[in-house]
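Below, each chain spelled out in residue letters.
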Amino acid sequence: MALADRLPPQLFIVGSGLIQYVGAAVAVVAFAAVEPASVAWWRAATGALVLCAWRRPWRDGLSRRDLAASTLFGVVLVAMNSSFYEAIARLPLGTAVSIEFVGPVAVAVLRGRGWAPRVAALLALAGVACIGGLGLDLSQGRVRAGLAWILAAALAWALYIVLGQRVASTRSGVTNLALGCFFGAVLFAPVLGPGALVALTDSGLLAAVVGVGLLSTVVPYSLEALALTRLPAATFALFTALLPASSAVVGALMLRQIPAPAELAGLVLVSVAVWIASGKHHSARRGE
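Residues numbered from 1 in each chain as written. Predicted model: local features only at pLDDT ≥ 70, side-chain atom pairs only at ≥ 80, totals over all residues. Heavy atoms only, no water.

K.L.:
Got a sec to walk through the environment of Leu192? Specific residues and values, please.
P.N.:
Considering the arrangement of structural elements, one finds Leu192 in helix α9 (residues 173-196). Separated by 152 residues in the primary sequence, Leu192 and Ala40 place their C-alpha atoms 8.7 Å from one another. Residues in contact with Leu192, not counting those within four places in the same chain, are Ala37, Ser38, Trp41, Val78 and Ser82. (Helix = DSSP H or I, 4+ residues; strand = E, 2+ residues; numbered from the N terminus. Contact = heavy atoms within 4.5 Å.)

What follows is the structure, given as structure tokens:
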């Protein structure tokens, strides 16, 4: 029996959440030398190199329609991660992640029926209100800009989920992510590439931005793929709800970002909303 089969699948989900936010914390450190959006470009470029070498998507006989869908997916992917990185350059990591979960909760609410999606929506809005109205100082321009960026990232995440689910029936999620990273990196290269070149002047900085791609995209997505083959949807939803808390823990330990009481309350409300919303509507992961 392979080692992966002997380990509990829940361990993969916990590991995926922690590793992706360690990658986000490394990205925050890299922002001192590289623009946040350009770090997001390095993430896409690294993901494209590793995942395309692994999956070799060109062997799948892709049609023009497939390529068009992957191109649109890649644009949304890089826009989402760029917005997220611009946000965490201005907001605490746990706070930003909690607000961003409004995106997948909104998708579940719009597609869902019954009482559960509506309760999830109310809890998510209450959580964001606690964070934005009580936990953040909106008198600061930097904080307001961060809030705008993370709301843009939430919208992009919702689009990412919708697009990802449309192509899920035609090819694997890993192949779709590989193509998305490739087309996103190519299309955004003229805009974000020049700022990304700074990383080539320092080996340590280059290792950091490449590490962001590995920690935030390649490793967590691979771990999640292993877990999904062995976990029921309800269990996966429960562990997905722990992601805002995971980001807050990583932010506190690595970046010394200690959440205020109102932020903690908001984080709990958003986590419960994610759990309820994910119970019947599994959302595509973005891998922060």
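K.L.:
Please provide a residue-by-residue account of the side chain of Glu86, values included.
P.N.:
Relative to the elements of secondary structure, Glu86 occurs in helix α4 (residues 64-88). Of the residues examined, Glu86 reaches a relative accessible area of 10% and is grouped as buried. Excluding residues that lie within four positions of it along the chain, Glu86 makes contacts with Pro36, Ala37 and Trp149. (Buried < 20%, exposed > 50% of the residue type's maximum accessible area, 1.4 Å probe, protein only.)

K.L.:
Tell me about the packing of aromatic side chains, and please be specific about residues and values.
P.N.:
Counted by the stated rule, this structure contains 6 aromatic pairs. Clustering of aromatic rings is evident, with ring pairs tying together Phe31, Phe84 and Tyr85. One cation-aromatic arrangement involves Arg55 over Trp54; the distance from NZ or CZ to the ring centre is 5.6 Å. (Phe/Tyr/Trp six-rings, centres within 6.5 Å; stacked < 30°, edge-to-face > 60°. Lys NZ or Arg CZ within 6 Å of the ring centre and 35° of its normal.)

K.L.:
I'd like to hear about the nonpolar core, residue by residue, with values.
P.N.:
Residues Val39, Phe84, Tyr85 and Ile150 are the most contacted members of the largest nonpolar core, which totals 70 residues. Counting 5 residues, the second-largest nonpolar core is a separate cluster that includes Ile13, Leu223, Ala227 and Phe239. (Core = buried A, V, L, I, M, F, W, Y, C linked by side-chain atoms within 4.5 Å.)

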